[in-house]
Amino acid sequence: MLKSTFTPILSIITTKPTSPKPSKTFTRAFSQSPPTVRKNVSRSPSTTTTSPPPHEKLPPVSAYVHLPFCRKRCHYCDFPIVALGSSSPPPPEEDPRILNYTQLICREIEATKLDCHPIRPLETVFFGGGTPSLVPPRLVSDIVEALRLKFGVCLNAEMSMEMDPGTFDAEKLKGLMELGVNRVSLGVQAFQEEILRDCGRAHGVKEIYEAIEIVKSCGVENWSVDLICSLPHQTPEMWEESLRLVIEAQPTHVSVYDLQVEQGTKFGVLYTAGEFPLPSETQSADLYRMASTTLSNAGYNHYEISSYCKVGFECKHNLTYWENKPFYAFGLGSASYVGGVRFSRPRKMKDYMGYVLSLETELVDCCCKELNNPVDAKDDDMAMDVVMLSLRTARGLDLKSFRNAFGDSFVASLCKAYRPYVETGHVVCLDEQRRPVAADEFSSLLSSSSSSSSSSSSSSKDGGIIEERLAFIRLSDPDGFLLSNELITVAFQAIAP
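Note that the structure is a prediction, hence the values are computed from the model and not measured.

Engineer: How would you explain the packing of helix α2 (residues 96–111) against helix α11 (residues 349–360) if you had to name every residue and give the values?
Structural biologist: At a minimum axis distance of 9 Å, the contact between α2 and α11 shows a crossing angle of 35 degrees. Helix-helix and strand crossings are classified by hand; for α2 and α11 the assignment is left-handed. For the pair α2 and α11, contact is made by Tyr101, Leu104, Ile105, Arg107, Glu108 and Ala111 and by Met349, Tyr352, Met353, Tyr355, Val356, Leu359 and Glu360, respectively. Class assignment for the residues of the contact of α2 with α11 results in ten nonpolar, no polar and three charged.

Shown next as structure tokens:
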């Protein structure tokens, strides 16, 4: 089964606790997934250069900003954060650590060189963390102004911020809205006091309801709730209750993640994945199916492995990742994709400060090229990026675009590799109108393309024949998504045997 985790794009991007758990056979090299709501941060600094498909040659119109501050570290968290303490002075409004860091972010933005491409105004900005809602609006304003001066920000830009219950009131939220924040991602995680306590969350259920009321009273139309399943001692009844209460709260977006037990965390010391009090893989899969069925029945579109939304409320920023488009990133541990180069910034504050200083003194560019000697990626590496990201989505892999970027042979190899999974219903083929293509017709197409290539002695004909009928390949919901790790591995083996 899948966790919504693999190390996409050559170990650059990571996520939050994930969707259903991976099978033991899934290679360790793909153990993390691209950023969902919270996790556009890297596990280790690295740089990769690719020759991007045509749409990726455009300059980015999205920016991620990492604000790492938390009151305390949750027991499952291994992300780059700065724990401020739950009750110790000074308050966030006066904490020099926050002031100094936001100044550092602004310095990084200002020092970013834009010589290699034209500037386009930002269409999405995402403040992730950490707990960005701990940062005072006046300091967020400095960052927003730095982005406006450097890139420009569209008047209707989607500007998201992650906010935890108990870290903001109506006054703070209204102040953030005045700056342009128009989308809130609320870190609820669970609706049971004992579960929140066991996870080391800094809030309780009371603060959850207060936060929901604040978001609604301030008139935020576009808001999301994050939930985590497969937590220690979490029963199906608890999970069902959390889903029901989220639906009653009526957010426009819901993100559902499956716990990933990370080394170096408190959970990593206490628990082993798949062993009590954590659920088994089968139990985790059941929780994932419950979420898919329950939220779909409530009118939420399951548009990505971990993401559900009401019509028109997809997270535009996260779509940048799934569509393999370029994006800026700023801050501790954040990962960017600019000019065909994927680069993750240092996770330690001292190293990050050194990186910003190197930018300012022009010792490196924003992708740290001079220090890290980027390596040109092969076509099969690029193809794997596209497959990994596309198969996370309900839209799936666009075969025409894939063929144009990488050629007929990759399309043919991928279709042949997926033949048994089309027959079992884990992979779904669609035509141009997104109507399903039956498994027997799919098999017939493969047979015809094989016969054609044999008679013409050219395997390049395979993908063209297939594409005449097939437009998209996607994973079925939920069973295909549950097997996504295995299915992505199959794709890799077909693309780069």
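That shown, we press on.
Engineer: Can you tell me about the environment of phenylalanine 343, naming the residues and giving the values?
Structural biologist: Looking at the element boundaries, phenylalanine 343 is found in strand β14 (residues 341–344). Judged by its relative accessible area of 1%, phenylalanine 343 is buried.

Engineer: I'd like to hear about the sheet that holds strand β18 (residues 472–475), residue by residue, with values.
Structural biologist: Strands sit in the order β15-β18-β16-β17 across an open sheet of four strands; the sheet is antiparallel. Each end of this open sheet is capped by a strand with a single partner; those strands are β15 (397–398) and β17 (436–437). With four bridges joining them, strand β16 (residues 427–430) and β18 adopt antiparallel strand pairing. Bridge assignment links cysteine 429 to a residue of β18, and that residue is isoleucine 473. Helix α15 (residues 408–424) contacts β15, β16 and β18 of the sheet and is inclined by roughly 120 degrees relative to β16.

Engineer: Describe the packing of aromatic side chains, and please don't skip the residues or the numbers.
Structural biologist: Summed over the entire model, instances satisfying the criterion amount to 17 aromatic pairs. Relative to phenylalanine 126, the ring of tyrosine 64 lies with its centre 6.2 Å away and its plane at 20 degrees, an arrangement referred to as stacked. Of this pair, tyrosine 64 sits in strand β2 (residues 62–66) while phenylalanine 126 sits in strand β5 (residues 122–128), and the two are 62 residues apart along the sequence. For the pair shown, tyrosine 64 and phenylalanine 126 are each scored as buried. Plain terms: the ring middles of phenylalanine 402 and phenylalanine 406 are 5.0 Å apart, the flat faces sit at 55 degrees to each other, and that makes the pair tilted. One end of the pair is phenylalanine 402 and the other is phenylalanine 406, both in helix α14 (residues 399–406) and four residues apart, which spans about a single turn.

Engineer: So what's going on with the side chain of serine 307? Which residues, and what values?
Structural biologist: Counting through the fold element by element, serine 307 comes out in strand β11 (residues 307–309). Here glutamate 304 takes part through its side chain, which lies 2.8 Å from a polar atom of the side chain of serine 307. When residues no more than four places from it in sequence are discounted, the contact partners of serine 307 are His253, Val254, Ser255, Asn301 and His302.

Engineer: With reference to specific residues and values, describe the pairing of β5.
Structural biologist: In regular strands, side chains alternate between the two faces of the sheet. For β5, the buried fraction is high: six of the seven residues fall into the buried class. In terms of strand pairing, β2 meets β5 through five bridges, oriented parallel. Residue pairing in the sheet places alanine 63 in a bridge with valine 125 of β5. Across five bridges, β5 lies against strand β6 (residues 153–163) in parallel orientation. The residue of β6 that forms the bridge with threonine 124 is glutamate 158. Handedness of the crossover joining β5 and β6 through helix α3 (residues 137–150): right-handed.

Engineer: For a negative patch on the surface, give the residues involved together with the corresponding values.
Structural biologist: The grouping of Glu93, Glu94, Asp169 and Glu171 at the surface amounts to a negative patch. Looking at the secondary structure, you find glutamate 93 in the loop between β4 (82–83) and α2.

Engineer: Before we move on, can you summarise the packing of helix α7 (residues 236–249) against helix α9 (residues 281–297) with the specific residues and values?
Structural biologist: Put simply, α7 and α9 touch, their axes get as near as 11 Å, and they point 25 degrees apart. What the angle tells us is that α7 and α9 run roughly parallel. The hand of the α7/α9 crossing is right-handed. Mapping the contact onto sequence places Pro236, Trp239, Glu240, Leu243 and Ile247 in α7 and Leu287, Met290, Ala291, Thr294 and Leu295 in α9. Each residue belonging to the contact of α7 with α9 can be placed in one class, and the counts come to eight nonpolar, one polar and one charged.

Calculation rules
- Residues numbered from 1 in each chain as written.
- Predicted model: local features only at pLDDT ≥ 70, side-chain atom pairs only at ≥ 80, totals over all residues.
- Heavy atoms only, no water.
- Axes fitted to C-alpha atoms, helices over the stretch in contact; angles between N-to-C directions.
- Helix = DSSP H or I, 4+ residues; strand = E, 2+ residues; numbered from the N terminus.
- Left-handed = near helix turned anticlockwise from the far one by under 90°.
- Contact = heavy atoms within 4.5 Å.
- Nonpolar A, V, L, I, M, F, W, Y, C, P; charged D, E, K, R; others polar.
- Buried < 20%, exposed > 50% of the residue type's maximum accessible area, 1.4 Å probe, protein only.
- Pairing = 2+ DSSP bridges.
- Phe/Tyr/Trp six-rings, centres within 6.5 Å; stacked < 30°, edge-to-face > 60°.
- Polar contact = N/O pair within 3.5 Å; in protein donor to acceptor, adjacent residues only side chain to side chain.
- Right-handed = clockwise from strand over helix to strand, strands pointing away.
- Patch = residues over 30% accessible without salt bridge, like charges linked within 9 Å, V, L, I, M, F, W, Y side chains within 5 Å.
- Areas by Shrake-Rupley, 256 points an atom, 1.4 Å probe, with all protein chains shown as cover.
- Salt bridge = Lys/Arg side-chain N within 4 Å of Asp/Glu carboxyl O.
- Lys, Arg positive; Asp, Glu negative; His and termini not counted.
- Charge placed at Lys NZ, Arg CZ, Asp CG, Glu CD.
- Parallel < 35°, antiparallel > 145°, perpendicular 65-115°, else oblique.

Any functional reading would require information that these geometric values do not contain.
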